[in-house]
Amino acid sequence: MAKWVGRCPECGTWGTVDEVAGPAAGGSAHRAVVPSSPAVPISSINPDRTRHFPTGVDELDRVLGGGVVPGSVSLLAGDPGVGKSTLLLEVVHRWAQSGRRALYVSGEESAGQIRMRAGRTGCTHDEVFLAAETDVNTVLGHIEAVQPSLVVVDSVQTMTAGDTDGVVGGVTQVRAVTTALTATAKSSGVALVLVGHVTKDGAIAGPRSLEHLVDVVLHFEGDRNSTLRMVRGVKNRFGASDEVGCFLLQDNGIQGVSDPSGLFLDDRPNPVPGTAVTVALDGKRPLIGEVQALLAYRPENAPQRRAVSGVDSSRAAMIAAVLERRANLKVSTTDIYLSTVGGMRLMDPSSDLAVAMAIASAYADLPLPASTVVIGEVGLAGDLRRVTGMDRRLAEAARLGFTEALVPVGCGTVPKGFKAIESATIGDALRSMLTIAKRPYDNVVTQLRRDGSSNDVDDVDNKWL
């Protein structure tokens, strides 16, 4: 039975209990509300109302699916100093050059600092507006006053909502700030890009719900010791979420790399032992990479050393064991050093065969021809397995001038003028590698015999045998 209560039974405070009308007897607790706009058939909605507008940075547009969508919210996260601010300053500059207005809001730097970077990178334009603010309500006021079509907030962890409790960068504050900015973007149709910090584990700092609130999530990756940077799509409501964009960060700014395969190849006039070229698939993008191996004989009873850079160390150890057990290569008596060129990271199992061939090439001191690529996964039984996207990998290799590939059986469609050498096991692949590697030697012997130089033929035989 309902009765009057003047004091809260929990805390004992007077006058804090409000009277709330309950549902009528026999009635429902929920009441239907007339919608402001009726539901319509999906076929009657014009798809052109939500279309991409290019930012002018081609590699970023590639990851975004063609550009930014009005009213969308994108989150760009990355390590400190990787170049997020430099990239977004280039974006707003290109946006302004196309005749549109952009607003860059920074909570980490002053307007003077941003102006200095813009002068160094050549990103100054009258339609780029700068504001150094940390209060989200003030930022909303800037958006209303400037009326931009693109807004960059750097970063969301530095913004505060005055009507919300919690510390700056905390879960409550980040959620409140993102909610307020997202609501403004949806209501005004302005494209919004948020910069996010990452933790030491590489995850986006803040609540997990932050990634659910936004439309696009991008990760900006790069090694401090390399100029190569990659923007990787993780979530995209307006396009594919497995695209990758490549950039070079330099002193005078950042520039996109439309054909990054050359960055991962060692430019040398002649092939050398211990190298193998593969084609990795990063998202949908095929990238040519080179694996280098060096074997050094170790003193007796000394522990074996394996130094790996750019390759999964556990898979490298597994491949060395497969070569030892299934191919009778005594690599356990040597120290093994593996590396990739240009800071490329080959974590895809499709690079297993390239690692194996690089080790075998170093072991036999036989170089593979520069026109050969190696693609395939190696199993513990010594079998070779097909990998996904083989058609795209071979097409990319053919486009860059390679003429043959050492691959598992059943590789699929081969480009015209391209030769696929198929192998079922690691032993078959090693025999094929010896045939390919000794081809230049056979050509030299044939030419010497044709010229009647028998002594030179003996010298070549002694060198290779």
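Note: the structure precedes this text.
The structure reproduced in this document is the subject of the present report. Everything numeric here is computed off the predicted structure, so don't read it as measured data.

### Section: the sheet that holds strand E1 (residues 73-78)
Phase 1: Taking strand neighbours across the sheet as the criterion, the 9 strands line up as E3-E2-E4-E5-E1-E6-E7-E8-E9 in an open arrangement whose pairing is mixed. With partners counted over all chains shown, the strands left at the sheet margins are strand E3 (128-132) and strand E9 (253-256), one partner each. Strand-to-strand, the axes of this sheet are offset by a mean angle of 20°, without reference to chain direction.
Phase 2: As paired elements, strand E6 (residues 216-222) and strand E7 (residues 228-236) share 7 bridges and run antiparallel to each other. If you follow Val 216 over to E7, its bridge partner there is Asn 236.
Phase 3: Set on the sheet, helix H4 (residues 136-146) makes contact with strand E2 (102-106), E3 and strand E4 (150-154); between it and E2 the angle comes to about 160°.
Phase 4: Sitting on the sheet, helix H5 (residues 171-188) touches E1, E4 and strand E5 (191-196), and the angle it makes with E5 is about 160°.

### Quick word on the packing of helix H7 (residues 313-326) against helix H8 (residues 352-364)
Phase 1: With their axes 10 Å apart at the nearest point, H7 and H8 run at an angle of 55° to one another. Looking at the two axes, H7 sits oblique to H8. As H7 runs across H8, the sense of the crossing is right-handed. Contact with H7, carried on its side by Arg 315, Met 318, Ile 319 and Leu 323, involves Asp 352, Val 355, Ala 356 and Ile 359 of H8 and no other residues of that element.

### Considerations on the environment of Gly 389
Phase 1: Positionally, Gly 389 belongs in the loop between strand E16 (384-385) and helix H9 (390-399).
Phase 2: Here Gly 389 falls in the partly exposed class, since its relative accessible area comes to 24%.

### Some thoughts on the pairing of strand E12 (residues 306-309)
Phase 1: Bridging between E12 and strand E13 (residues 334-340) involves 4 bridges; their strand directions are parallel. Within E13, the residue paired with Ser 309 across the bridge is Ser 339.
Phase 2: This β-α-β element, E12 to H7 to E13, shows left-handed connectivity.

### Description of the nonpolar core
Phase 1: Judged by nonpolar contacts, the single largest core of 46 residues is most densely connected at Leu 323, Leu 338, Leu 353, Met 357, Ile 359 and Ile 426.
Phase 2: When residues of this core are traced back to their parent elements, those giving at least two are E7, strand E8 (244-250), strand E10 (275-282), strand E11 (285-297), H7, E13, H8 and helix H10 (426-437).
Phase 3: Per-element tally for this core: the top contributor is H8, with 8 residues.
Phase 4: Filtering out sequence-adjacent residues up to four positions away, Ile 359 remains in contact with Ala 293, Leu 295, Leu 323, Val 331, Ile 336 and Leu 338.
Phase 5: In this structure, Leu 76, Trp 95, Ile 114 and Val 195 belong to the second largest nonpolar core, which totals 32 residues.

The rules behind the values
- Residues numbered from 1 in each chain as written.
- Predicted model: local features only at pLDDT ≥ 70, side-chain atom pairs only at ≥ 80, totals over all residues.
- Heavy atoms only, no water.
- Pairing = 2+ DSSP bridges.
- Helix = DSSP H or I, 4+ residues; strand = E, 2+ residues; numbered from the N terminus.
- Axes fitted to C-alpha atoms, helices over the stretch in contact; angles between N-to-C directions.
- Contact = heavy atoms within 4.5 Å.
- Parallel < 35°, antiparallel > 145°, perpendicular 65-115°, else oblique.
- Left-handed = near helix turned anticlockwise from the far one by under 90°.
- Buried < 20%, exposed > 50% of the residue type's maximum accessible area, 1.4 Å probe, protein only.
- Right-handed = clockwise from strand over helix to strand, strands pointing away.
- Core = buried A, V, L, I, M, F, W, Y, C linked by side-chain atoms within 4.5 Å.

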